[in-house]
Amino acid sequence: MAGILPKKPLKKYLVGKTSLADFKSIQACFDHLTDDFSYEIYLLSGIYKEELTLYQDHVSLIGLGEVIISGNKYARQKVSGKEIGTFATSTFFINANEVSLTNLTIENTAGPGEKVGQAVALYLEGNHITVKNCRLIAFQDTLCLGPLPELNKDNTVMESIYRKKNYHVQETFFINCYIEGTVDFIFGGGNSTFSHCEIFSKKRLDEGVNYLTAPSTSEDGVGFLFQECFIHGKEKYLLGRPWRPYGKCTFENCYFDEFLKSSGWSDWDKASNRLTATFKEINNHYGKPVKRADWISFN
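Residue indices follow the written sequence of each chain, beginning from 1 at its first position. Totals for whole chains, interfaces and linings use every residue, but because this is a predicted model, local features are given only for residues with pLDDT of at least 70 and side-chain atom pairs only at 80 or more, for both listing and counting. Based on all heavy atoms of the structure, the side-chain values leave hydrogens and waters out of the count.

Chemist: Tell me about the pattern of salt bridges, and name the residues and values.
Modeler: When a carboxyl oxygen of Asp or Glu lies within 4 Å of a side-chain nitrogen of Lys or Arg, that pair is called a salt bridge. As enumerated under the stated definition, the model contains 12 salt bridges in all. Here Glu40 and Lys12 are joined by a salt bridge, their closest N and O atoms 3.8 Å apart. Separated by 28 residues along the polypeptide, Glu40 in strand E2 (residues 38–43) and Lys12 in strand E1 (residues 10–15) bring together distant segments of the chain. Throughout this description, buried means an accessible area under 20% of the type-specific maximum (1.4 Å probe, protein chains only), exposed means over 50%, and partly exposed covers the range between. Here Glu40 falls in the partly exposed class, since its relative accessible area comes to 21%. Ionic pairing is found between Arg274 and Asp267, a salt bridge with its closest N-O pair at 2.9 Å. Three or more residues joined by partner-sharing salt bridges are found here, namely Glu114, Arg204 and Asp206. Here a helix means four or more residues in a row that DSSP labels H or I, a strand means two or more in a row labelled E, and each is numbered from the N terminus.

Below you can see the structure in the form of structure tokens.
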């Protein structure tokens, strides 16, 4: 049929610490990929202490058994006397189209944000990315969902040092995943759906309030949608705050424990955000009574 490209032939690789594996490291496998094929990459059980970058489209990465991808970069870490910043900290950075991750734990072990600043586990700058049966473990800024805002709040250009390709629209899907963190630990401008996920608010050193989300959605974007998720914690939490004025986030048919604060959301200390941000709660179940401000859509 005209207009439909032929499907690329499939190649399969095995990664692990065995003589039977095609590659000993995940990044070595990624560096071998070309545009001529689509790929299924299987990872044998083990801890892979790597900080990964993936730019290849049409890749499925599948863990066999318990697979942990572990990094420990953090925003306050210095290189040549300069802090590396949030977007250079990710354990796994993906800048590609049509990628899936299955049965993986991706962690950043740098520690609490009060000590090290932001430390990202997974950072996505791509489209049609699916994350299934995965665990994302960190503290502040666990999961970054591009695209990023064009400018920092001081009007300097916001840079992502690993990004090579820009995707104006970025749709990502999280299915049956576990995500934990403290401050703004699901953040960014992506249009992302979380289905049947467990979201966990970790204990903080300073016992401050956690924020599950910090969307920076574009004016015409969809934002974050959580459907049939279970949210709980060991630290009190708010559902989100707008990283940029048009941040959008919806929780639908979700379950919340008693650590959810009754106010639910924050305007990031900027009253004008109440006129532009879109925060919704639809048919949820709560561990204690709630009381929302009138700028929150609450059903």
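Having seen it, we continue.
Chemist: Pulling in residues and values, what's your account of the pairing of strand E16 (residues 171–175)?
Modeler: Residues of E16 alternate between two faces, with Thr172 and Phe174 buried on one and Glu171, Phe173 and Ile175 left unburied on the opposite face. In short, DSSP must find at least two bridges between two strands for them to pair. Note that strand E13 (residues 127–132) and E16 share four bridges and pair parallel. Note that in E16 the partner of Thr130 across the bridge is Phe173. One ladder, built from five bridges, connects E16 with strand E19 (residues 191–195); its direction is parallel. Within the sheet, the bridge partner assigned to Thr172 lies in E19 and is Ser192.

Chemist: Explain the sheet that holds strand E11 (residues 105–108) residue by residue, including any values.
Modeler: Taking strand neighbours across the sheet as the criterion, the nine strands line up as E3-E6-E11-E14-E17-E20-E23-E26-E28 in an open arrangement whose pairing is parallel. Where the open sheet ends on each side, the last strands, each with one partner, are strand E3 (46–48) and strand E28 (285–286). When strand E26 (residues 255–256) meets E28, the two strands line up parallel, connected through two bridges. Residue pairing across strands places Tyr255 opposite His285, the latter belonging to E28.

Chemist: Which residues make up the sheet that holds strand E27 (residues 278–282), and what values go with them?
Modeler: Pairing is parallel across the open sheet formed by 11 strands, whose spatial order is E1-E2-E5-E10-E13-E16-E19-E22-E25-E27-E29. The strands lining the two open edges of the sheet, one partner per strand, are E1 and strand E29 (297–298). As paired strands, E1 and E2 are joined by six bridges and run parallel to one another. Its bridge partner being in E2, Leu14 is matched across the sheet by Tyr42.

Chemist: Mind laying out the packing of aromatic side chains, listing which residues take part and the relevant values?
Modeler: What counts as a ring pair is set by centres within 6.5 Å for rings of Phe, Tyr and Trp (its six-membered ring), and what kind of pair is set by the plane angle: stacked under 30 degrees, edge-to-face over 60, tilted for all other angles. Inspection of the entire model under this criterion finds 20 aromatic pairs. Their ring planes at 20 degrees and their centres at 6.0 Å tell us that Tyr13 and Tyr39 sit as a pair that is stacked. Remark: Tyr39 occurs in strand E2 and Tyr13 occurs in strand E1; sequence separation between them is 26 residues. Residue classification places Tyr13 among the buried positions, given a relative accessible area of 11%. Considering the side-chain rings of Trp265 and Phe279, the 4.2 Å spacing of their centres and the 15 degrees angle between planes classify their relative orientation as stacked. Of this pair, Trp265 sits in the loop between E26 and E27 while Phe279 sits in strand E27, and the two are 14 residues apart along the sequence. The exposure class assigned to Phe279 is buried, which follows from its relative accessible area of 1%. In textbook terms, an aromatic cluster arises when at least three aromatic residues are bridged by ring pairs, as seen for Phe174, Phe194, Phe224, Phe226, Phe251, Phe256, Trp265, Phe279, Tyr286, Trp295 and Phe298. A cation sits over an aromatic face here: Lys164 above Tyr55, 4.2 Å from the ring centre. Distance and angle both matter: a charge sits over a ring if NZ of Lys or CZ of Arg is within 6 Å of the ring centre and within 35 degrees of the ring normal.

Chemist: Describe the pairing of E27, naming the residues involved and giving the relevant values.
Modeler: Here E27 shows one buried face, formed by Phe279 and Glu281, and one open face, formed by Thr278, Lys280 and Ile282. Judged from the five bridges that link them, strand E25 (residues 248–252) and E27 form a sheet pairing that is parallel. Its bridge partner being in E27, Phe251 is matched across the sheet by Glu281. Pairing analysis gives two bridges linking E27 to E29, with the strands arranged parallel. Following the sheet pairing, Lys280 is matched in E29 by Ser297.

Chemist: Give me the lowdown on the side chain of Glu235, citing residues and values where you can.
Modeler: With respect to the helices and strands, Glu235 occurs in the loop between strand E23 (230–233) and strand E24 (237–240). Here a polar contact means two N or O atoms within 3.5 Å. Within protein one must be a hydrogen donor candidate and the other an acceptor candidate, and residues neighboring in sequence count only if both atoms are side-chain atoms. From its side chain, Glu235 meets the backbone nitrogen of Arg204 in a polar contact 3.0 Å long. Leaving out residues up to four positions away in the same chain, Glu235 has contacts with Ser201, Lys202, Lys203, Arg204, Glu207, Gly208, Asn210 and Phe259. Should any heavy atoms of two residues lie within 4.5 Å, those residues are considered in contact.

Chemist: Provide a residue-level description of the side chain of Ser201, including the pertinent values.
Modeler: For Ser201, the location among the structural elements is in strand E20 (residues 198–201). Note on Ser201: relative accessible area 0%, which makes it buried. Excluding residues within four positions of it along the chain, Ser201 makes contact with Gly181, Asn210, Leu212, His232, Gly233, Lys234, Glu235, Lys236 and Tyr237.

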